[in-house]
Structures are given as C-alpha cells and as structure tokens.
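Structural characterization, general
Here are the chains, one letter per residue:
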Amino acid sequence: MKKVSYLRAASVFLFSVALLFGCSSGNSGTGGTTGGTSAPQAANPGETPAKQKEQLVVAVNENFITMDPQNTGDALSSGVQTSMFEGLLIYDKDLKLIPGLSTEYSVNEDATEYTFKLRQNVKFHDGTPFNAQAVKINFDRMSNQENNLRAYRNYKYIKSTDVVDEYTVKVTLNQPFSAMINKFTTGIISPQALEKYGKDIAKNPVGTGPYKFVEWVQGDHLTVELNQDHWDKGAAKVQKIIYKPVPENGSRVAMLKTGEADVIYPLPEQQVETLNGADGVKVERTPSTITRYVSINMLKKPFDDPRVRQAINYAVDKDAFIKVVKAGYGAKLESVMSPTIAHYAKQGVYEYNIEKAKELLKEAGYENGFTTDIWGNTNSDTMKGMQFIQQQLQKVGITVEVKSMEEATLSDEIYGIKSPEEAKMNMWYVSWSSADPDNAMRSLFSSENFPPAGANTAFYKNDLVDKSIKEATQSSDQTKQKELYGVVQEHVFKEAPWIFLAVDEILYGKRSNVEGVYITPSGGIYVREAEFK
Amino acid sequence: MFRYIVKRLIEIIPIIFVVSLLIFFFIHLVPGDPVRLAAGKDATLEEITRVREELGLDKPLLVQYATYMQNLFTGNLGHSLKTGLPISDMFANRYMITMNLTFMSLGWALVLGLLIGTISAVFRNKWPDYVGMLTAISGISLPGFWLGLILIQIFSVQLGWFPTGGAESWKSYVLPSLTLGAGIMSMLARFTRSSLLETLKEDFIRTGRAKGLKESVVVRKHALKNSMIPVVTIAGLQFGFLLGGSVVVETVFSIPGMGRLLIDSIAFRDYPVVQAVILLFSLEFILVNLLVDILYKALNPKIRYES
C-alpha cells in the first residue's frame with residue numbers, strides 16, 4: 001500500500017509537470033504564429049547570411065502604444081508609424097519639412113487659409129485612391145472633438161476642410177495659427193480602413209507610406225514590408241522591417257553585436273565605449289530636439305528674484321555636467337530650445353563663475369545661501385543629474401535636497417494641482433522635446449499655460465513674451481516669425497526661469513552594412529531610403 | 001477527496017471577490033493619474049477632462065467598481081487605458097510565454113535540485129557535499145540580472161549558441177530559464193539535503209538498515225519520500241511566483257511576458273490591466289496551493305482532509 005501511494009505521488013507530480021511542459025511547448029508553436037504571416041525571426045547569432053539580407057531588425061527601448069498616427073503621443077510609436085504613413089508634408093531626416101502627399105501649398109498672410117495641391121496617382125495600401133476627399137475625411141476626423149484623438153489639440157483650429165477639386169484641398173482655420181503647417185505632417189489613414197476597422201484602426205494601420213503593415217504581436221514585435229506601389233518607389237530597398245521592443249540596454253547592445261538587430265536605439269552613453277571598435281558595428285550621433293534643464297518655480301521665494309535664478313545658473317558648470325552626467329555626449333543649451341528647431345536664436349551660456357554667483361546671491365540678500373529641494377523621476381540618469389546640481393549649488397551655500405519620485409506620482413504632484421499657488425515644487429529636473437518653435441515656446445513660457453492648464457512649470461510670465469508668442473502664431477511671414485521668436489528667446493534666457501543645462505545627443509548603433517536608416521533629431525526612425533550594402 | 005477538491009474550488013469565489021475589492025481600492029489610493037499620463041505633458045485641461053469622461057474615470061469609485069465587477073462576471077476584463085486594446089488580447093501571447101518559461105525553469109531546477117540535495121545528504125561532509133552546497137550557495141547568491149547578462153555575453157555574443165532574447169523558439173528560452181531556475185534549484189537542493197538528513201536520523205531508517213536493506217534502497221524508497229513535504233511546499237510556492245512572471249529576467253532577455261506587462265501597467269497606472277493581472281496571479285496561487293495540498297496527502301496518507 002505504502003509503496004503504491006509513493007509511486008503515485010511521485011508520478012502525479014512528475015507526470016503533471018511533464019504533461020504541462022509538453023503541452024505548453026506545443027502551444028508555444030501556435031503562439032509564435034498568431035499573426036499567421038509571421039516571418040522566420042532574426043537570423044541565428046553568429047550565422048552571417050551569405051546572400052543579400054532581406055529583413056532589417058530595429059531594436060528600441062519601449063513598447064509601441066498605438067498605430068493610429070492621429071492618436072499618438074509617444075515618440076516611439078510615431079517613429080514606427082513613419083514607415084507606413086505620410087502626411088501632406090513630411091519631416092526629412094534633419095527635421096526639414098518636405099513635400100509628402102502634397103506637391104505644393106500656399107498660405108494667406110494671417111495664417112488662416114492653407115491650400116494644398118495633392119500628389120496624384122497615389123494609392124493607400126488597401127488600394128483606396130488618395131484624393132482630396134480622403135484628406136477631408138481625415139481632417140474632419142481629427143478636428144471633431146467627439147473622436148477624442150490626440151491630434152485634436154492641433155486640429156481644433158480647423159474650421160473647415162473643403163474639397164476644391166479632386167487634387168486640391170483648402171483648409172480654413174478659426175483663428176490665425178502659423179504653426180499649423182508643422183501639424184500637417186500627421187499621417188493620413190485610408191478612409192476605407194477607417195470605416196472598416198473603427199476604433200481598431202490602432203491595430204490595423206493602413207496608410208500610403210513606403211512600407212505596409214504585416215503584423216503586430218503585442219509586446220514582441222511589429223513587422224512591415226516594402227510597399228511595391230509607393231509613389232517614391234525605389235528609394236527604400238529593404239524588403240521587410242521588424243521593430244522589436246528590447247527594454248534592457250545591455251541586451252540591445254548584445255543584439256547589435258550578434259547581428260540579431262541591425263539598428264538599435266537608443267544607445268546608452270555608457271555603452272558607446274564597448275561598441276567603439278567592435279566588428280561590423282557603427283555608432284551614430286546626431287543632435288536632438290531634447291533640451292535638458294531644471295525648471296525653477298518663480299512664484300516661490302527665493303526664486304522670485306531673478307538674481308537668485310541667474311546666480312544658480314552661474315553656479316552650475318555645464319561642461320562638467322555634460323562630461324559627468326551625459327558621458328560627454330551633448331551640447332550646452334544656449335537658448336530655450338534645441339538648435340535643430342526652426343527660428344532658433346543662440347543666446348550664449350551663463351559661464352561657470354562661482355564668484356559672480358555668490359555676488360548675485362549677496363545682492364539678493366541670500367549671502368548665506370538657503371535650503372531647497374529638487375524633484376525628478378527615478379531614472380538613474382535623472383538621479384545622477386540631480387546629485388550633480390546638488391553638489392554644484394552646495395559650493396555657493398545652497399543646500400539642495402534630492403527628491404526622486406516615481407514618474408506617475410511626480411506628474412501628479414506637478415500637474416495635479418488646482419491653482420498655481422498650490423504648487424509645492426521648487427526645482428524640477430526635466431527635459432522637453434518638440435519639433436517646432438510654437439510647441440517649444442508657447443507650451444513652456446506662455447502665461448496661459450501655468451499648470452494645471454499646461455506645462456509652464458516655472459510659472460514664467462512676461463507680457464512682452466506672451467504678446468510675441470501670440471503674434472508669431474498669427475503670422476505666416478517667416479521673417480516676422482523669426483524676429484518674434486527671437487524676442488522670446490532673448491527675454492526668457494535673460495530672466496532664467498530654468499537652469500539651462502544641455503541639448504541631448506541622439507546616439508544609435510547600426511551594423512555597418514545598413515545604409516539610409518537614420519534616427520531623426522526628434523527620435524523618429526527614418527527608413528525611407530533603407531538598404532543593405 | 002473529490003468532495004474536498006470541489007469544496008476548495010468553491011471557496012475560490014469569495015476569495016477572488018475579496019481580492020478584487022482590495023486590488024481595486026488600493027490601486028486607486030496610489031497617487032498618479034492615468035489620464036494625465038495618457039494625454040501627455042502638453043495636454044490642455046479641457047482635453048484631460050474629456051479623456052477622463054471617455055474612460056469613465058470621472059465617476060465615483062463605487063460606481064466604477066460596480067461596472068468593473070459586472071464586466072468581470074460576463075468574462076470581460078476590459079480595455080487597457082494606455083493602448084485601448086482589449087486586455088484579453090494583450091494576455092494571450094504573453095501568458096503562454098510566461099507558462100513556457102515557468103515550466104522550463106522549474107523543470108530543470110526540480111531535477112537537478114533533488115539530485116544535488118540527495119547526493120549532498122548521502123555524502124554528508126564529504127567532497128560531493130561540499131561541491132553540491134557550493135553550487136547551491138552560488139545559485140542563490142548570484143543576482144538574476146547579473147547572471148542573465150553574463151550568460152548573454154558568453155553564450156550569445158561570444159559563442160553564438162543561443163539568441164540574446166525574444167521568445168521565438170525553444171532556443172530563446174534556454175538562457176532565461178537557466179537564469180530563472182538557478183535560484184530555485186539551489187533552494188530545492190538545500191531543502192532536500194536538510195530534510196533528508198533529518199529523516200535519515202529517524203528510527204524507521206535505523207530499522208531498515210538493521211534489517212539489512214541496501215543503503216541505496218533505504219535512501220530512495222524510505223528516506224527520500226518522507227523528506228519531500230518541505231520540498232513540495234517550496235516547489236509549489238516557487239511555481240506560483242514563476243507564473244507571475246519575472247520582471248528581471250523578462251527585461252534582460254526582452255521576453256514579452258506577464259511580469260513586464262504588470263510593471264509597465266503599474267508605472268502607467270493602467271488600472272484595468274493591473275487589476276486583471278493581479279487577479280490572475282491570485283487565482284493561480286490558490287490553484288497551486290490546492291495542488292500542493294493534494295500532493296501532501298499523496299506523500300503522507302496520514303494527512304487527512306475532512307470532506
């Protein structure tokens with residue numbers, strides 16, 4: 001009896017383990033092919049294919065959220081979408097606006113009427129012809145508040161979209177908005193697909209781009225293949241692109257080394273050394289649209305005194321910051337935005353000068369310094385940055401307590417306030433990325449954008465700046481815009497609502513046989529000319 | 001026995017109910033606003049209000065809970081706040097991957113753990129014992145994160161035997177399950193050893209030896225079985241944990257499993273996903289516990305469960 005039960009016990013356990021084990025590996029087979037058309041995955045490591053490679057693997061650090069270009073908020077999702085979608089205009093690899101689905105356009109003087117001549121003989125991936133009606137359907141979708149799309153914040157300015165003829169579209173705004181031209185880069189979706197998929201369009205992207213959607217296995221990969229009927233046929237040569245989220249930095253680097261990935265982005269600064277000189281691998285650098293700074297709450301004492309804010313700026317050694325925190329990859333922030341953005345006006349640097357900082361503090365009545373705190377998220381680079389600021393300010397007698405908070409909590413503390421006076425934040429170590437001057441300046445320095453209404457977290461208010469920003473959005477005249485945005489940059493920089501730190505560099509790695517793939521300054525993945533050498 | 005199992009299964013319902021209540025209210029206690037995060041830094045107030053209404057997050061918590069439970073009972077887990085996709089869609093692929101990883105890790109850990117533990121106990125204070133226990137100590141002390149990266153460096157980058165990650169074929173599971181199983185194997189080895197040593201001191205073992213049974217028979221047929229209770233307990237617990245997915249291993253080997261889904265969802269305050277994942281984990285734990293209890297009885301018939 002005893003013997004039997006012992007055997008039974010052991011066999012129950014082992015058998016069930018074996019059974020489940022067997023089952024589950026069987027299931028993994030089906031699991032892997034859920035998309036139906038799943039392609040053979042990345043080549044085995046060490047196996048260098050002798051013949052022409054046909055698929056390009058791009059490893060990135062996060063999951064994609066949506067494939068609806070009109071409802072996208074994160075840079076990574078839109079980075080992937082650029083392979084499948086095109087707007088009336090598109091950004092090239094250097095963030096210049098170039099013709100996309102339109103061949104030319106005109107704007108009236110006060111930036112309220114935009115007329116586009118559309119590209120002819122273009123088809124969506126599902127065969128639907130592209131024409132003025134398709135543009136109207138897309139613009140109406142975005143400008144309709146009830147659809148609740150991310151793009152609404154830009155397209156709410158549209159009063160009407162009119163079909164002039166088959167290939168001409170006239171867009172009328174309800175108020176002058178010169179930055180609108182940058183927003184016409186939003187991807188245009190096939191009207192037929194919009195109707196067919198409804199909300200599920202986010203999983204079933206159908207555009208006009210050089211690549212067609214194949215499959216998206218949640219959390220694992222997204223595959224696109226070359227669109228043989230693209231209007232710019234021949235520019236992109238790679239047959240298939242697979243985008244894979246690989247969150248761990250070290251793993252991404254290893255994939256590039258083994259050839260499992262052809263392009264990896266981002267490449268962490270600390271890992272550049274290990275790749276320099278590695279066989280068959282290239283490290284690429286490009287200036288980004290990302291500015292890194294400390295936002296200072298100007299409503300609070302002692303930061304309401306401009307001398308204190310300037311003193312803090314003088315007290316921080318920006319060269320050392322870039323060297324220590326950014327591992328040498330970055331440039332000093334010499335205005336309120338990145339030099340890659342239109343209408344940039346260089347202002348210079350608050351040169352590191354402890355004596356001057358002390359003097360200014362003395363003038364302001366803080367000879368003996370003061371105590372404050374700095375907030376940031378729990379990212380290890382952020383912590384390093386905050387500790388750096390802490391050490392630098394210590395030298396002029398300012399004691400800074402470093403408080404790192406998990407991102408969602410932090411966001412709640414900063415934006416979840418009822419009124420500006422309620423803000424508990426003193427200093428916030430943060431970054432901002434924008435592709436156009438309006439987003440770079442109006443969002444951050446216009447007084448109508450105090451939290452909770454917007455992202456002016458320094459609570460910066462200057463009537464001249466408010467007026468200039470407004471006027472700039474009301475004129476389509478580029479010279480006038482440049483002048484007005486110049487005024488904004490000059491004043492903001494002088495009044496120092498931030499500690500101006502650095503402009504990030506975008507670092508990415510690729511296999512040396514990959515050509516024509518770029519990471520754009522705003523973090524987009526540009527594949528329009530992708531090919532293997 | 002059958003009635004006992006049925007009774008235990010019925011008990012799951014109130015437990016799940018309480019768990020769901022706890023998860024729901026606790027997660028809403030944590031600061032952070034999914035709407036803010038979804039809308040982005042440059043969102044306007046009116047935009048945020050609109051999104052909040054659309055997602056139904058402007059309603060009182062109790063109403064939200066009622067809606068949630070109502071959906072749950074009709075088998076609808078809801079949609080993710082972050083991606084807008086149905087949660088069941090997000091689970092399908094990830095769950096199988098975590099399952100595979102669990103069974104592969106636990107499988108080799110059980111076999112090797114029992115073997116090392118038994119050998120160590122039998123050759124107590126001799127060199128096989130020292131080698132075995134050294135292996136076990138190393139297995140417990142190596143941080144998974146570090147071990148994973150080292151394995152990638154050696155077996156993927158240098159030797160090129162296995163891919164650096166992903167979940168495409170059995171090959172991609174080898175390194176992650178080695179990483180994940182190392183700690184468990186070591187723990188099982190140590191528990192097997194100490195438990196077996198205890199048993200070997202018992203009177204019935206002396207009797208066995210006295211009546212002239214071979215040592216191997218004594219160990220295999222009499223001692224080992226009687227030492228299995230604590231080992232089964234540990235294995236069961238680990239089984240439960242593994243089913244929850246391992247954030248570290250899934251991150252290092254870029255495996256799209258349940259652990260990473262949970263962490264990402266918590267960071268985003270994606271309430272419906274967090275609730276669904278934790279509910280699933282609780283259910284798994286309850287079932288694994290039941291399995292362990294049944295195994296106890298099989299191992300030691302003296303254990304009785306009233307039915």
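For the structure given in this document, a descriptive report is provided here. (Residues numbered from 1 in each chain as written. Chains lettered and ligands numbered in written order. Predicted model: local features only at pLDDT ≥ 70, side-chain atom pairs only at ≥ 80, totals over all residues. Heavy atoms only, no water.)

This part takes up the pairing of strand β1 (residues 55-60) of chain A. Residue and element names in this part refer to chain A. Within β1, 6 of the 6 residues are buried, leaving the element largely enclosed by the surrounding structure. A two-sided burial pattern is seen for β1, the buried positions comprising Q55, V57 and A59 on one face and L56, V58 and V60 on the other. Two elements, β1 and strand β10 (residues 240-245), share 6 bridges in a ladder whose sense is parallel. Counterpart to V57 in the pairing with β10 is I242. In terms of strand pairing, β1 meets strand β11 (residues 263-265) through 3 bridges, oriented parallel. By the bridge assignment, A59 is partnered in β11 with I264. (Buried < 20%, exposed > 50% of the residue type's maximum accessible area, 1.4 Å probe, protein only. Helix = DSSP H or I, 4+ residues; strand = E, 2+ residues; numbered from the N terminus. Pairing = 2+ DSSP bridges.)

A few words on a nonpolar patch on the surface. Residue and element names in this part refer to chain B. Where nonpolar side chains cluster on the molecular surface, the patch consists of L142, W146, I150, I154, L159 and W161 and spans about 560 Å² of accessible area. Among the secondary structure elements, I150 is positioned in helix α7 (residues 144-158). Given the relative accessible area of 31%, I150 is considered partly exposed. (Patch = residues over 30% accessible without salt bridge, like charges linked within 9 Å, V, L, I, M, F, W, Y side chains within 5 Å. Areas by Shrake-Rupley, 256 points an atom, 1.4 Å probe, with all protein chains shown as cover. Salt bridge = Lys/Arg side-chain N within 4 Å of Asp/Glu carboxyl O.)

Further remarks concern the packing of aromatic side chains. All names here are of chain A. Applying the stated criterion across every chain yields a total of 32 aromatic pairs over all chains. Measuring from centroid to centroid gives 4.5 Å for F493 and F500, while their planes differ by 35°, and the two rings are tilted. The cationic tip of K93 hangs over the ring face of Y518; the distance from NZ or CZ to the ring centre is 4.8 Å. (Phe/Tyr/Trp six-rings, centres within 6.5 Å; stacked < 30°, edge-to-face > 60°. Lys NZ or Arg CZ within 6 Å of the ring centre and 35° of its normal.)

A separate point is the interface of chain A and chain B. Taken together, the contact between chain A and chain B spans 59 residues of the former and 62 residues of the latter. Here chain A meets chain B over a buried area of about 5,300 Å², counting both sides, of which 56% is carbon and sulfur. The tally of links from chain A across to chain B stands at 3 salt bridges. Note that E47(B) is salt-bridged to R153(A), the shortest N-O span being 2.5 Å. Here chain A is connected to chain B by 11 residue pairs in polar contact (both at pLDDT 80 or more). Among the elements that take part in the side of chain A that touches chain B, helix α1 (residues 2-32) of chain A stands out by supplying 15 residues, more than any other. Of the residues assigned to the side of chain A that touches chain B, the class counts are 23 nonpolar, 22 polar and 14 charged. (Contact = heavy atoms within 4.5 Å. Buried area = accessible area lost by both parts, 1.4 Å probe. Polar contact = N/O pair within 3.5 Å; in protein donor to acceptor, adjacent residues only side chain to side chain. Nonpolar A, V, L, I, M, F, W, Y, C, P; charged D, E, K, R; others polar.)

Take the side chain of Q64(B) next. Mapped onto the fold, Q64(B) is located in helix α4 (residues 61-73). Each residue touching Q64(B), except ones within four places of it in the same chain, is listed here: F24(B), H28(B), G56(B), L57(B) and K59(B).

In this section: empty space enclosed by the protein. Counted by the stated rule, this structure contains 5 cavities of 30 Å³ or more. Roughly 140 Å³ of internal volume is contained in the largest cavity. Taken together, 14 residues form the lining of the largest cavity, with N63(A), K82(B), T83(B), M90(B) and L261(B) sitting closest to its centre. Elements that contribute at least two residues to the lining of the largest cavity include exactly α5 (87-122) and α13 (258-268) of chain B. Here the element with the most residues in the lining of the largest cavity is α13(B); it accounts for 3 residues. Here the residues of the lining of the largest cavity sort into 4 nonpolar, 6 polar and 4 charged. (1 Å grid on protein atoms, 1.4 Å probe; cavity = no way out; pocket = protein on both sides within 12 Å on 5 of 7 lines; lining within 4 Å. Points joined across faces, edges and corners; volume = space filled by probe spheres on them.)

Once that is clear, we can look at the pattern of salt bridges. Here the structure, examined in full by the defined rule, presents 32 salt bridges over all chains. For D140(A), the salt bridge goes to K136(A), with nearest N and O atoms at 3.1 Å. Of this pair, D140(A) and K136(A) both sit in helix α3 (residues 132-143), 4 residues apart, which is roughly one turn of that helix. Using a relative accessible area of 32% as the deciding quantity, one classes D140(A) as partly exposed. Salt-bridge contacts for R52(B) lead to D33(B); the nearest nitrogen and oxygen are separated by 3.0 Å. Here D33(B) lies in the loop between α1 (2-29) and α2 (34-39) and R52(B) lies in helix α3 (residues 45-55), a separation of 19 residues in the sequence. Under the relative-accessibility criterion, R52(B) is labelled partly exposed at 25%.

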